[in-house]
Amino acid sequence: MGKSKKAKAKRADFNKQKLKVGKSKQLPNNFTDTSFRSKTLVLPTQATIEKEEFTHDAKDRAQFSHLIGMLKHHNASQRQESLDKLSHYVLSHPGLLTMSTSLLAKVTAPLILDESAQVRESLYQFFVKVMFTIDPNLLEPNVGIMFLYTHSGMTHITPSIRNDSTRYLSLILKACRNNLNPSVISLHWKKTLECFSSLLGWSSDTASVKRTSVFSKKSTSNLIRHISVCSEFLHLGLDPNRQSKTARSAIHLDYPYMEHNIVVHPQFDLLRTPSSFSYLSLFSASKHDLVDNPQFRFQNMVPFIPGLLDFVRDAWSDACPILKDSRTSSGSSKICLSVISILDILMTYIFTSSVEEDKLKKKYTKVFEKVDRELGLLQVNFGAEQEWKSIINQFQRLKKKIEDLEEE
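Here the structure is a predicted model, which is why all the values come from computation and not from measurement. (Residues numbered from 1 in each chain as written. Predicted model: local features only at pLDDT ≥ 70, side-chain atom pairs only at ≥ 80, totals over all residues. Heavy atoms only, no water.)

**Student:** Can you walk me through the overall build of the protein in this structure?
**Tutor:** From N to C terminus, the protein includes 19 helices and 0 strands. Taking all 408 residues of the protein together, the buried fraction comes to 38%. Sequence-distant contacts, at least 24 apart, represent 72% of the contacts inside the protein between residues at least 6 apart. Summing over all exposed atoms, the protein offers an accessible surface of approximately 25,000 Å²; the carbon and sulfur share of this is 53%. (Helix = DSSP H or I, 4+ residues; strand = E, 2+ residues; numbered from the N terminus. Buried < 20%, exposed > 50% of the residue type's maximum accessible area, 1.4 Å probe, protein only. Contact = heavy atoms within 4.5 Å. Areas by Shrake-Rupley, 256 points an atom, 1.4 Å probe, with all protein chains shown as cover.)

Written out as structure tokens, the structure reads:
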């Protein structure tokens, strides 16, 4: 009897249950009742409170915060749209630009490395219309983060991001030339040279210089912009006449040391105790004058010059047409013009500097003689064309400068 009951119990699990009319199906043991309804608590004065507390200024702040947050959206089209809206919104609310300059710089500068070309184009327009139109005293403390992401773009693994990086650098250099303090260039001088070395393919190793970057015919426009911005950067850092004459520091105090843009303690003259760090010249103008001196920047540039000269030589050979039947373009003339401009700014320092004078002078002379030989053929075949005539005239002026220095 016992065995038969157990057998029936086992078979009951597999038997189909017969339902009767009017009776529901038996619920399982683990059934959970979800037949409940949620209720909301409504306050009679809730709408009135919202209207009173959410003022016009609060709406502006909420809209501004929303646009800032959307710059990190995963969708590229949303980032682009938010950036365009932010540009119009900030221009229509000038007070936000003045009070939130640092915030705008921090949230927009990372978009230099954005994978979307449309976002980078919108960012470029945002910089032109908004960021670089504000007061230099507000812009100067925030240029550092723009340099940081521009340097990252110049050494980025994605070719399109590398190609667009010099567009932003050109805007920064323009601001430095017109409004900002020369110390901005000094702070980012060596790092920018290293990034140009990686971008254009000239090494800082004087023992073995290798050209690592190869530019195709399709990327000629990018090479033109890279080399022209490089020329502008060198002129801005090495030519004292290209630096802003009216540039002022972002910090203005009425202490006697402020004429040198140096922050010192107001009671520095009253200090009579010996200082363990006096040799660093932290509170004197001499150290800062040395760093902001173009001659000091050239000393930091000396390890990069051999590689730069090799790059200039190769760029000239690729762009300069020698034969009469050679196809010429406006891009070729622009590259040649930038090459002569770089040779011009380097000439004064190489022929007057005491650092590795003979070695640098010999290398510079070889590159100059090669350009001179090919320019003679260029003058014979293309001397009548206006764009090449201006290049020939500029090289003749450079040649005259070198002859005058050698005579001295």
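**Student:** Just checking my understanding: could you explain the pattern of salt bridges for this structure?
**Tutor:** Pairs can form between side chains of opposite charge whenever their charged atoms are close. Under the counting rule described, the total for this entry stands at 12 salt bridges. Between Arg-177 and Glu-232 there is a salt bridge; the shortest N-O distance is 2.5 Å. You can see Arg-177 sitting in helix 10 (residues 159–178) and its partner Glu-232 sitting in helix 13 (residues 220–238), a full 55 residues away along the chain. What makes Arg-177 partly exposed here is its relative accessible area of 24%. One salt bridge in this structure joins Asp-310 and Lys-363, with 3.1 Å as the shortest N-O distance. Linking Asp-310 in helix 16 (residues 305–319) with Lys-363 in helix 18 (residues 357–382), this pair joins segments that are 53 residues apart in sequence. Judged by its relative accessible area of 10%, Asp-310 is buried. (Salt bridge = Lys/Arg side-chain N within 4 Å of Asp/Glu carboxyl O.)

**Student:** Looking at this structure, how should I read the nonpolar core?
**Tutor:** General note: in soluble globular proteins, nonpolar side chains tend to be found buried as a group. One finds Phe-196, Leu-234, Leu-346 and Tyr-364 to be the most contacted residues of the largest nonpolar core, which totals 94 residues. Top contributing element to this core by residue count: helix 17 (residues 330–352), with 12 residues. Shared between two domains, this core holds at least three residues of each, these being domain 1 (54–180) and domain 2 (183–242 + 289–407). (Core = buried A, V, L, I, M, F, W, Y, C linked by side-chain atoms within 4.5 Å. Domains from an automatic or database assignment.)

**Student:** I'm lost on the side chain of Ser-116 in this one. Help?
**Tutor:** Relative to the elements of secondary structure, Ser-116 occurs in the loop between helix 6 (101–108) and helix 7 (117–129). Side chain to side chain, Ser-116 and Gln-118 meet in a polar contact 3.1 Å long. In this structure Ser-116 touches Ala-76 and Arg-79, once residues within four positions along its chain are discounted. (Polar contact = N/O pair within 3.5 Å; in protein donor to acceptor, adjacent residues only side chain to side chain.)

**Student:** Would you mind going over the packing of aromatic side chains with me for this structure?
**Tutor:** Within a pair of aromatic rings, the relevant descriptors are the distance that separates the centres and the angle that separates the planes. Taken as a whole, this structure holds 11 aromatic pairs when the rule is applied. Measuring from ring centre to ring centre gives 6.0 Å for Phe-127 and Tyr-168, while their planes differ by 80 degrees; the resulting arrangement is edge-to-face. One end of the pair, Phe-127, is in helix 7; the other, Tyr-168, is in helix 10, and 41 residues separate them in sequence. Of the two residues, Phe-127 and Tyr-168, neither departs from the other in class, the shared state being buried. Taken together, the ring pairs in this structure connect Tyr-124, Phe-126, Phe-127, Phe-132 and Tyr-168 into an aromatic cluster. Across the ring face of Tyr-124, the terminal group of Arg-167 is positioned such that the distance to the ring centre comes to 4.0 Å. (Phe/Tyr/Trp six-rings, centres within 6.5 Å; stacked < 30°, edge-to-face > 60°. Lys NZ or Arg CZ within 6 Å of the ring centre and 35° of its normal.)

**Student:** Before we go on, may I ask you to explain the packing of helix 12 (residues 189–200) against helix 13 in this structure?
**Tutor:** Packed helix pairs are specified by the crossing angle of their axes together with the interaxial distance, meaning the distance between the axes. The interhelical angle for the contact between helix 12 and helix 13, taken along N-to-C directions, is 155 degrees, at an axis separation of 11 Å. One way to sum up the angle between helix 12 and helix 13 is to call them roughly antiparallel. Crossing geometry of helix 12 relative to helix 13 is assigned as left-handed. Counted together, Trp-189, Thr-192, Leu-193, Phe-196, Leu-199 and Leu-200 of helix 12 and Leu-223, His-226, Val-229, Cys-230, Phe-233, Leu-234, Gly-237 and Leu-238 of helix 13 form the full contact between these two elements. Split into classes, the residues belonging to the contact of helix 12 with helix 13 amount to 11 nonpolar, 3 polar and no charged. (Axes fitted to C-alpha atoms, helices over the stretch in contact; angles between N-to-C directions. Parallel < 35°, antiparallel > 145°, perpendicular 65-115°, else oblique. Left-handed = near helix turned anticlockwise from the far one by under 90°. Nonpolar A, V, L, I, M, F, W, Y, C, P; charged D, E, K, R; others polar.)

**Student:** Please clarify how the environment of Tyr-124 should be interpreted in this entry.
**Tutor:** Structurally, Tyr-124 can be placed in helix 7. Through-space distance from the C-alpha of Tyr-124 to that of Arg-167 is 7.8 Å; in sequence the pair is 43 residues apart. With residues up to four places along the chain from it excluded, the contact list for Tyr-124 reads Arg-167, Tyr-168 and Leu-171.

**Student:** Just to check I follow, could you spell out the state of the cysteines for this structure?
**Tutor:** Every disulfide links exactly two cysteines, by a covalent bond between their sulfur atoms. Applying the stated rule across the entire model yields 0 disulfides. With no disulfide partner, Cys-320 has as its closest neighbouring cysteine sulfur the one in Cys-336, 4.9 Å distant. By relative accessible area, Cys-320 is classed as buried at 6%. (Disulfide = S-S within 2.5 Å.)

**Student:** Which parts of the structure should I look at to understand the side chain of Glu-374?
**Tutor:** One can find Glu-374 in helix 18. Within the structure, the side chain of Glu-374 is placed 2.9 Å from the side chain of Trp-316, a separation counted as a polar contact.

**Student:** I tried to follow the confidence of the model for the protein on my own but got confused; where do I start?
**Tutor:** A low pLDDT means the predicted coordinates there should not be read in detail. With 75% of its residues at a pLDDT of at least 70, the protein reaches an overall mean of 78. Within the protein, the element-level pLDDT minimum falls on helix 2 (residues 46–53), averaging 47, and the maximum on helix 9 (residues 143–154), averaging 95. Between residues 48–54, whose pLDDT stays under 50, and residues either more than four places distant or in other chains, the model counts 2 contacts. Predicted confidence for residues 206–218 stays below pLDDT 50, and this span has 23 contacts to residues more than four positions away or in other chains. (pLDDT = per-residue confidence, 0-100.)

**Student:** Help me understand helix 9, please; the structure alone is not making it clear to me.
**Tutor:** What sets the pattern is the α-helix's 3.6 residues per turn: residues three or four places apart point alike. A rise of 1.5 Å per residue sets the reference length of helix 9, with its 12 residues, at 16 Å; its end C-alpha atoms lie 16 Å apart and thus fit the reference within 8%. Looking only at helix 9, the buried set comprises Val-143, Met-146, Phe-147, Thr-150, His-151, Gly-153 and Met-154. The buried side chains of helix 9 occupy one side of the element, clustering within an arc of 155 degrees when seen end-on. Taken together, the buried residues of helix 9 touch helix 6, helix 8 (136–139), helix 10, helix 11 (183–187) and helix 12. (Expected span 1.5 Å × (residues − 1). Arc of directions from axis to C-beta.)

**Student:** Where do I start with the packing of helix 7 against helix 10 in this structure?
**Tutor:** Between helix 7 and helix 10, the shortest axis-to-axis distance is 11 Å and the interhelical angle comes to 5 degrees. In terms of axis orientation, helix 7 runs roughly parallel to helix 10. For the pair helix 7 and helix 10, the contacting residues are Arg-120, Glu-121, Leu-123, Tyr-124, Phe-127 and Val-128 in the first and Ser-160, Ile-161, Asp-164, Arg-167, Tyr-168 and Leu-171 in the second. The residue inventory of the contact of helix 7 with helix 10, partitioned by class, reads 7 nonpolar, 1 polar and 4 charged.

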